[in-house]
Every structure is written in C-alpha cells, then in structure tokens.
Amino acid sequence: MEFNTPNWEKMSDGLVPAIIQDARTKNVLMLGYMNAEALKKTTDSGKVTFFSRSKQRLWTKGEESGNFLNLVSIKNDCDDDSLLITVNPVGPTCHTGTDTCWKEENNSQFGFFSELEDTIKERRTTADDSKSYVASLFNKGINKIAQKVGEEAVETVIEAMDDNDELFLYESADLLFHYLMLLQAKGFTLKDIEAELMNRKK
C-alpha cells in the first residue's frame, strides 16, 4: 500500500493522529493515534492498530470485541502529520456500542437526496393534502404514484431524444422526485436501492 511516511519529527510524542473513515458511507468513525510500529502492524495485518495512550501499548481495534476495522487505504494530509484511514468496519466502532464515537448511525447519506427523502416522508405523514402536492398524491394511492412515475419517465425519454438540455434536466428531476415517492409508498428508500446494486457488484 503506497502512502507517504508521516513526518515523525513533527510528532513530539511519536504519535500521529489517525482519522478513521468508513470506505463506503464516508462517515468518520473515530480518531486514534499511531506510532511507527502501530502503522506497520496495520499495513502488515490489514487490521487497524493504534497505540493506546492509556494502556501504553499497541492495540488492534476489535482484539477483544471482534469489531475489527479492516484496512482499505491510507492517505496523508498535505503536511504529512495526520492520516486518513478508510476501512470496512465489522460491527460498531465505539467501545460504547455505537456505530461512531460521536453517537451517530453509520448510514449512507446521499446529500440533498437524503434531505428530499426526509421532506417527502414528513409531508406524507403530517402535511395538509389540500396544500401539499406530496400529501395529496399519497392520499390518491400507490397506483396514482406509479402512474405519475410512468408519465415522467416517458417525458424524460422524449426530452432525451431532443436537443433541449434544460427541458431534459427538468423532466429528469420530475422523474426522480416521483420515483422517491414511489419508493416510500412501497416501503423502501435509496439505501435499499444502494444495497441491491451492491449485491450485483461483481
């Protein structure tokens, strides 16, 4: 695994901060410290190993719990005085039993699309259907939602074969919006689609 050796001369205590990030979700899981020996053991074993300041010894995450951090990559920052280590975690990362040391769930996030999913969910359950398009469409039932997805798909295909990029993007946004509604009507989210596509990965 190629990465620059940390600038150990900068570390007065011989320890470099190591930020641990989930390779798939990109969520930060924890912060630990490594000396040169811990870094070597990490690269040799493929399981993230720290230097425990409280125990004053090397400590492989998961050595007691089985919740290992399987190494994916190591990157240096611009000053070679901290590490970004991406991992595939086995089980929760924090010793308290939570996914991260910040008590956050280690779920995939899709940026604005996740916000949009939350908005659709909130309006479906609490909004006045006389004022909310989302609430009114859900009240008409899944057949109507599915019909709207079909209509928007046809309109997107039509615009795809034309030269008006603005209209193509407009119809694409309509299609995706209604598809998110259909997913929720069926009891699913983008995370379920992500899982299905990951299962197909060769």
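In the block above lies the structure referred to throughout.
Residues numbered from 1 in each chain as written. Predicted model: local features only at pLDDT ≥ 70, side-chain atom pairs only at ≥ 80, totals over all residues. Heavy atoms only, no water.

> I'm lost on the overall build of the chain in this one. Help?
Scanning the chain from N- to C-terminus turns up 6 helices and 6 strands. N-terminal to C-terminal, the α/β element order of the chain is β-β-α-β-β-β-β-α-α-α-α-α. Relative to the globule expectation of 17 Å for 202 residues, the C-alpha radius of gyration of the chain, 23 Å, shows a markedly less compact shape. By the burial criterion, 34% of the 202 residues in the chain qualify as buried. Excluding contacts between residues fewer than 6 apart, the proportion of contacts in the chain whose partners are at least 24 apart in sequence is 49%. Put simply, the chain shows about 12600 Å² of open surface, and 51% of that area lies on carbon and sulfur atoms. Positive and negative side-chain charges in the chain, numbering 24 and 34 respectively, have mean positions lying 8 Å apart. (Helix = DSSP H or I, 4+ residues; strand = E, 2+ residues; numbered from the N terminus. Rg over C-alpha atoms; globule rule 2.2 N^0.38 Å. Buried < 20%, exposed > 50% of the residue type's maximum accessible area, 1.4 Å probe, protein only. Contact = heavy atoms within 4.5 Å. Areas by Shrake-Rupley, 256 points an atom, 1.4 Å probe, with all protein chains shown as cover. Lys, Arg positive; Asp, Glu negative; His and termini not counted. Charge placed at Lys NZ, Arg CZ, Asp CG, Glu CD.)

> For this particular structure, what's the right way to read the pattern of salt bridges?
When their charged atoms lie close together, side chains carrying opposite charge are able to pair. If you walk through the whole model with that rule in mind, you get 7 salt bridges. Glu194 is the partner of Arg24 in a salt bridge, and the nearest nitrogen-oxygen pair spans 3.1 Å. In this pair, Arg24 is assigned in the loop between strand S1 (16-22) and strand S2 (28-34) and Glu194 in helix H6 (residues 190-200), connecting sequence segments 170 residues apart. On the basis of relative accessibility, which here comes to 40%, the residue Arg24 falls in the partly exposed class. A salt bridge links Glu196 to Arg200; the nearest nitrogen and oxygen atoms lie 3.1 Å apart. One end of the pair, Glu196, and the other, Arg200, are both in helix H6, 4 residues apart, so they sit about a helical turn from each other. (Salt bridge = Lys/Arg side-chain N within 4 Å of Asp/Glu carboxyl O.)

> Would you mind showing me how to read the sheet that holds strand S6 (residues 83-89) here?
The strands that make up a sheet are held in pairs by hydrogen bonds between backbone atoms, and each pair lies either parallel or antiparallel. Spatial ordering of the open sheet is given by S2-S1-S6-S5, a layout of 4 strands whose pairing is mixed. The strands lining the two open edges of the sheet, one partner per strand, are S2 and strand S5 (69-76). Pairwise comparison of adjacent strand axes, ignoring direction, gives a mean angle of 30° for this sheet. (Pairing = 2+ DSSP bridges. Axes fitted to C-alpha atoms, helices over the stretch in contact; angles between N-to-C directions.)

> What exactly am I supposed to notice about the packing of helix H4 (residues 142-160) against helix H5 (residues 165-185) here?
In helix packing, the relevant descriptors are the interaxial angle and the interaxial distance, both defined with respect to the helix axes. At their nearest, the axes of H4 and H5 sit 8 Å apart, and the two run at 155° to each other. In this view, H4 runs roughly antiparallel relative to H5, as classed from their interaxial angle. For H4 against H5, the interelement crossing comes out left-handed. When H4 is examined against H5, the residues Ile142, Ile145, Ala146, Lys148, Val149, Glu152, Ala153, Glu155, Thr156, Glu159 and Ala160 are found in contact with a partner set consisting of Leu167, Phe168, Glu171, Ser172, Asp174, Leu175, His178, Tyr179, Met181, Leu182 and Ala185. Taken together, the residues that form the contact of H4 with H5 break down as 13 nonpolar, 3 polar and 6 charged. (Parallel < 35°, antiparallel > 145°, perpendicular 65-115°, else oblique. Left-handed = near helix turned anticlockwise from the far one by under 90°. Nonpolar A, V, L, I, M, F, W, Y, C, P; charged D, E, K, R; others polar.)

> Looking at this model, I keep getting lost on the packing of aromatic side chains. Mind explaining?
For any pair of aromatic rings, geometry is given as the distance between the ring centres together with the angle between the planes. A full pass over the atoms with the stated rule returns 1 aromatic pair. One Lys or Arg, Lys47, reaches over the ring of Phe68 and ends 4.7 Å from the middle of that ring. (Phe/Tyr/Trp six-rings, centres within 6.5 Å; stacked < 30°, edge-to-face > 60°. Lys NZ or Arg CZ within 6 Å of the ring centre and 35° of its normal.)

> Would you take a moment to explain unusual backbone geometry for this structure?
Most peptide bonds are trans, and most residues other than glycine sit at a negative phi. A positive phi is found at Asp80, a non-glycine position, where the angle reads about 55°. Following the sequence through the fold, Asp80 ends up in the loop between S5 and S6. A positive phi angle, close to 60°, is found at Lys103, a residue other than glycine. Note that Lys103 resides in the loop between S6 and helix H2 (112-126).

> How should I be thinking about the side chain of Thr100 in this particular structure?
Relative to the helices and strands, Thr100 is located in the loop between S6 and H2. Looking at Thr100, its side chain comes within polar contact range of the main-chain nitrogen of Trp102, at 3.0 Å. Each residue touching Thr100, except ones within four places of it in the same chain, is listed here: Val28, Leu29 and Cys94. (Polar contact = N/O pair within 3.5 Å; in protein donor to acceptor, adjacent residues only side chain to side chain.)

> What should I look at first to understand the side chain of Gln184 in this one?
Residue placement: Gln184 occurs in helix H5. Non-local contacts of Gln184, meaning those with residues more than four positions away in its chain, are made with Glu117, Ile120, Lys121, Arg124 and Phe138.

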